[in-house]
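# Summary of the model geometry
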Amino acid sequence: MMILLWLVGCRYSVVDVQRRMYERRLDNRMERLGEDHPKTLDTMNSLAIAYEQSGQFAKAESLYLEAYQRSLSVLGAEHPDTVIGLENLSFFYEDREQFTEAEPLNRRLYEVYLRHLGPEHPETIFILHNLAYLNELLEDYTEAESLYQDALVKHRQVYGDNHVETIEVMANLGDLQNFLGKYDQAIETYLQQRKALLVLYGKDSAEVLWIHSRLAMVYAEQGRYSDAEQEYTFLLDPTHRGILSPREQLRLRSNLALVYKNQGRFDRWLSQTELIVEISKEVLEEDDYAVYIVQNNLAHVYLAEKRYEDAEQVVLKALQQSRQSLGVNASPTMSLLETLGEIYSVQRRHDQAIAIRQELYEHAKTIYGIGHPDTIRLANNLATVLFEHDQVDQAETLLLESVEAIGQLWGDSTSINQAYTLLSNLVGVYHHKEKWDKMLASMRLQLEGEEEFLRANLFGAEETLRGVTAIIRESADFVYYAALEVYPSEFQYQSARLAMETSLRRKGRIMQSQVQMLASNQQSALHQERILDLQQLRRQEAGLVQNSDPNDLLKTQQQLRRLRDQIQKVEQELSFQHKDLYSLLQPPMIEDVIRAMPEESLFLDFVLYDNDEETIGVFALNKQGEIKSARIDSVDSLQKQLQVFRQTRSATFGKMLYQKLIASIVPDLSRYQYLFISPDGPLSLIPFEILEDPNGEMVIDKIKVSYQSTGRDLVGLPKNSMFLATFFVS
């Protein structure tokens, strides 16, 4: 009874008692045995553990370090007590999420275990797996993937395929491969994991269902919608209701609805979404965010089906409940408001659309701040509807405010898509108001930003690359159109220069990147490996930019800086090995082309652009840096003339084409000795060298002609081979 009363009345926890005991013991042993005695060092480690358990982390770190360093000095790196100290210090840093400090210690620990315990000892392979995990946390994904693969081999050798430790390594490796966009490899790893889990737990276990869920998501990301549908259908089988929570079932049904949407099966998309709404009413509380998310999804289905009244009715009802249950600034309330703005906008109910989007923008400024990606997106939406409603001055003010707030748009900012739209809208406003100098400056900033976007996605997944291609082509079309048909004469040089720089950077570039990837197969194994490293780093950069956490932009900015440092290092290494790849990674400026051109030479760069109808234009650059531009003709009109010329080789049509394609921009070819031509569209099949001037002289009789796929080819062409083979010489 006395002991019980003493424990009840004690002011100290067990941890405090242990800490005080070890403090007294350490003082005693330091006095009797000295600082470097093994028993003193052992007590230091014990006291460090007690400090850590009581939350005195600074004291714990200091003592862990001292114990390890003294053991290292007195006992040596391989002594068991030193290794224990190393292990304690490593896992202390890992538990404190100080991964930069933990990783080298963990690596040192692995090397010690490898020497003394061997590669297949359970402790060794545990540390190997942990080392892979630390490298993943430090975003060294190449090293992490390699270590996970090594760990998986060792786990299979020691434990077999169906052991829980082996399965855990498979899970980490599969998730990393999925994150890196290596979908085929991720699927293979997940399938191996599922096979092992089936043996351990059976097909209807929670563990196996989790793997089916991962597979479904990867299939959907890869565009394998039939496979994804099959997985989701299996997961939603009635026999699994007792295993999966109602909330998890709703999530799976929502993902299945998106699969139907992406398949274009709108009837199934609608029926599945309506079912989700009904289930959510039964299993979710009224103040659950998911209630309003599924109702918002239903409104989007109705919107896609052009059932505007149904969409509006769903949103208004959900909006009223959300404001009451969650508040006006809750994210579901904001999302519902945004959907309501879309509904009003597509119906051209401009006043209501403007009011809704203005309300959203003000809410976002209050909640997130003016430079937040969500605020920028809402500013773009509001500016668009203001512009469409002829409130151009208000749109301009709003866009300029957002440009100022977003700061360095394409550097550390992660809101690339929003910034792209922001600048595109601003260019449109300046075009409308004929503020040519500001329009030109905004276009240049937009193009520089897109260049970063292109570089980040040039080696990315096919689906991502298609999206990038669409953005790049659309903006290039507008730059060519503006230079050839919009800008007044006083801005002719600046606009033509910008357009020609755009062509140099973009014409055929994505195709060239694919050719370079194929060419890399002929290079050394090391070269191929570094190309793959670059692809992987670029995928990571694109994923980070497009899927960043808007609530932690500082962390994302730091991650981007580290990634871009790694990218720059790999690009520099590759540039020394492969000059063609260097020219791809570092697209040239006009000055680079001028330096590469011989004296008395002219470069004609033909471009195809789309502005209501496909059109051909041309830019001319000479050695003196003079740039001229001209709109040639619509593609339809030119095609008809080219067809007659190809069939008949008629001198009349040859002269007409000469006048249209060459004389319209360079009336006198006699001042030049060399002509470089980069054709585009239907002009790629025309032999320019046999076109005749008004005097009946063929181009080839007056000048040496060379064809280039793009101006970048001039920069990469060796000087001593410039006039060999590449030219048709008279």
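Residues numbered from 1 in each chain as written. Predicted model: local features only at pLDDT ≥ 70, side-chain atom pairs only at ≥ 80, totals over all residues. Heavy atoms only, no water.

### A short note on the overall build of the protein
What the protein contains, in helices and strands, is 33 helices and 6 strands. Across the 730 residues that make up the protein, the buried fraction comes to 49%. For the protein, long-range pairs separated by at least 24 residues make up 61% of all intrachain contacts whose partners lie at least 6 apart in sequence. Accessible surface, the protein: about 34800 Å² in total, of which carbon and sulfur atoms supply 50%. (Helix = DSSP H or I, 4+ residues; strand = E, 2+ residues; numbered from the N terminus. Buried < 20%, exposed > 50% of the residue type's maximum accessible area, 1.4 Å probe, protein only. Contact = heavy atoms within 4.5 Å. Areas by Shrake-Rupley, 256 points an atom, 1.4 Å probe, with all protein chains shown as cover.)

### Structural notes on the pairing of strand 3 (residues 627–634)
Burial of strand 3 is extensive: 6 of the 8 residues sit out of reach of the surface. Two strands pair when backbone bridges link them, and strand 2 (residues 613–622) and strand 3 are joined in this way by 7 bridges, in the antiparallel orientation. Note that in strand 3 the partner of Val618 across the bridge is Ala630. A loop of 4 residues connects strand 2 with strand 3, the two strands running antiparallel in sequence, and Gly625 in this loop sits at a positive phi of about 85°. (Pairing = 2+ DSSP bridges.)

### Observations regarding unusual backbone geometry
Its identity is not glycine, yet Glu139 carries a phi of approximately 70°, on the positive side. The buried category is assigned to Glu139, whose relative accessible area is 9%. Residues other than glycine seldom take positive phi values, yet Glu600 does so here, at roughly 55°. One can find Glu600 in the loop between helix 29 (590–596) and strand 1 (601–611). Here Glu600 falls in the partly exposed class, since its relative accessible area comes to 37%.

### Side note on the pattern of salt bridges
This structure, assessed with the given rule, holds 32 salt bridges. Among the ionic pairs, Asp227 bridges to Arg224, the shortest N-O distance being 2.9 Å. Arg497 is the partner of Glu501 in a salt bridge, and the nearest nitrogen-oxygen pair spans 3.3 Å. Pair noted here: Glu501 and Arg497 are both in helix 24 (residues 492–506), with a separation of 4 residues, about one helical turn. Here Glu501 and Arg497 have matching classes, each one buried. Salt bridges sharing common partners tie together Asp393, Glu396, Lys433 and Lys435. (Salt bridge = Lys/Arg side-chain N within 4 Å of Asp/Glu carboxyl O.)

### Points about a nonpolar patch on the surface
A cluster of nonpolar side chains, contributed by Val164, Leu200 and Tyr201, occupies part of the molecular surface with about 260 Å² of accessible area. Relative to the assigned elements, Val164 resides in helix 9 (residues 164–179). (Patch = residues over 30% accessible without salt bridge, like charges linked within 9 Å, V, L, I, M, F, W, Y side chains within 5 Å.)

### Brief notes about the packing of aromatic side chains
Inspection of every chain in the model, using the stated rule, returns 11 aromatic pairs. Residues Phe266 and Trp269 carry aromatic rings whose centres are separated by 5.8 Å and whose planes lie at 50° to one another, so their mutual orientation is tilted. Here Phe266 pairs with Trp269, and both are found in helix 14 (residues 266–283), just 3 residues apart, close to one helical turn. Judged by its relative accessible area of 37%, Phe266 falls in the partly exposed class. For Trp269, a relative accessible area of 7% translates into the label buried. Taken together through their ring pairs, the aromatic side chains of Tyr64, Phe92 and Tyr93 make up a single cluster. (Phe/Tyr/Trp six-rings, centres within 6.5 Å; stacked < 30°, edge-to-face > 60°.)

### Focus on the nonpolar core
Membership of the largest hydrophobic core comes to 106 residues, with the highest contact counts inside it found for Tyr232, Met439, Met443, Tyr487, Phe603, Phe619 and Leu621. Of the residues forming this core, the biggest block, 9 residues, is contributed by helix 15 (residues 289–304). Aside from chain neighbours lying at most four places away, what touches Phe603 is Met500, Val593, Met597, Phe619, Ala620, Leu621, Phe676, Ser678, Gly711 and Leu714. (Core = buried A, V, L, I, M, F, W, Y, C linked by side-chain atoms within 4.5 Å.)

### Section: helix 9
End to end, helix 9 covers 23 Å across 16 residues, agreeing with the expected 22 Å (1.5 Å per residue, within 8%). Looking only at helix 9, the buried set comprises Thr166, Ile167, Val169, Met170, Ala171, Asn172, Leu173, Gly174, Leu176, Gln177 and Asn178. Elements in contact with the buried residues of helix 9: helix 7 (122–137), helix 8 (141–159), helix 10 (183–201) and helix 11 (206–221). (Expected span 1.5 Å × (residues − 1).)

### Here we look at the side chain of Ser442
Locating Ser442 in the fold gives a position in helix 22 (residues 436–457). With a relative accessible area of 8%, Ser442 lands in the buried category. Setting aside residues up to four positions removed in sequence, Ser442 forms contacts with Leu423, Leu426, Val427 and Tyr430.

### Remarks on the packing of helix 4 (residues 57–74) against helix 5 (residues 80–95)
Each pair of packed helices can be described by the angle between their axes along with the distance between the axes. The interhelical angle for the contact between helix 4 and helix 5, taken along N-to-C directions, is 150°, at an axis separation of 9 Å. Classified by the interaxial angle, the pair formed by helix 4 and helix 5 is roughly antiparallel. Of the two possible hands of crossing, helix 4 and helix 5 adopt the one that is left-handed. Facing helix 4, whose interface residues are Phe57, Ala60, Glu61, Tyr64, Leu65, Tyr68, Ser71 and Leu72, helix 5 presents Asp81, Thr82, Gly85, Leu86, Asn88, Leu89, Phe92 and Tyr93. Of the residues in the contact of helix 4 with helix 5, the class split is 10 nonpolar, 4 polar and 2 charged. (Axes fitted to C-alpha atoms, helices over the stretch in contact; angles between N-to-C directions. Parallel < 35°, antiparallel > 145°, perpendicular 65-115°, else oblique. Left-handed = near helix turned anticlockwise from the far one by under 90°. Nonpolar A, V, L, I, M, F, W, Y, C, P; charged D, E, K, R; others polar.)

### A closer look at a negative patch on the surface
A cluster of like negative charges, contributed by Asp610, Asp612, Glu614 and Asp636, occupies part of the molecular surface. Structurally, Asp636 can be placed in helix 30 (residues 635–648). (Lys, Arg positive; Asp, Glu negative; His and termini not counted. Charge placed at Lys NZ, Arg CZ, Asp CG, Glu CD.)

### Considerations on helix 24
Helical geometry note: an α-helix holds 3.6 residues per turn, so side chains three or four residues apart project in the same direction. If you check helix 24, its first and last C-alpha atoms are 21 Å apart, about what 15 residues at 1.5 Å a residue would give, namely 21 Å. Of all 15 residues in helix 24, 11 are buried, a share of seventy percent or more. Every buried residue of helix 24 is accounted for by Ser495, Ala496, Arg497, Leu498, Ala499, Met500, Glu501, Thr502, Ser503, Leu504 and Arg506.

### Description of the packing of helix 14 against helix 15
Here helix 14 crosses helix 15 at 155°, and the two axes come no closer than 9 Å. With respect to each other, helix 14 and helix 15 are oriented roughly antiparallel. Pair helix 14 / helix 15 crosses with left-handed handedness. The residues of helix 15 that touch helix 14, namely those facing Trp269, Leu270, Thr273, Glu274, Ile276, Val277 and Ser280, are Val294, Gln295, Asn297, Leu298, His300, Val301, Tyr302 and Ala304. When the residues that make up the contact of helix 14 with helix 15 are grouped by side-chain class, the tally is 9 nonpolar, 5 polar and 1 charged.

### Section: the environment of His363
Within the secondary structure, His363 is located in helix 18 (residues 350–367). You can call His363 buried: its relative accessible area is 15%. Between the alpha carbons of His363 and Val328 there is a distance of 8.5 Å; along the sequence they are 35 residues apart. Other than its neighbours up to four places away in sequence, His363 contacts Val328, Asn329, Met334 and Leu337. Here Asn329 takes part through its side chain, which lies 2.8 Å from a polar atom of the side chain of His363. (Polar contact = N/O pair within 3.5 Å; in protein donor to acceptor, adjacent residues only side chain to side chain.)

### A closer look at the confidence of the model for the protein
Of the residues in the protein, 80% reach a pLDDT of 70 or more, and the chain-wide mean stands at 80. Predicted confidence for residues 510–523 stays below pLDDT 50, and this span has 24 contacts to residues more than four positions away or in other chains. (pLDDT = per-residue confidence, 0-100.)

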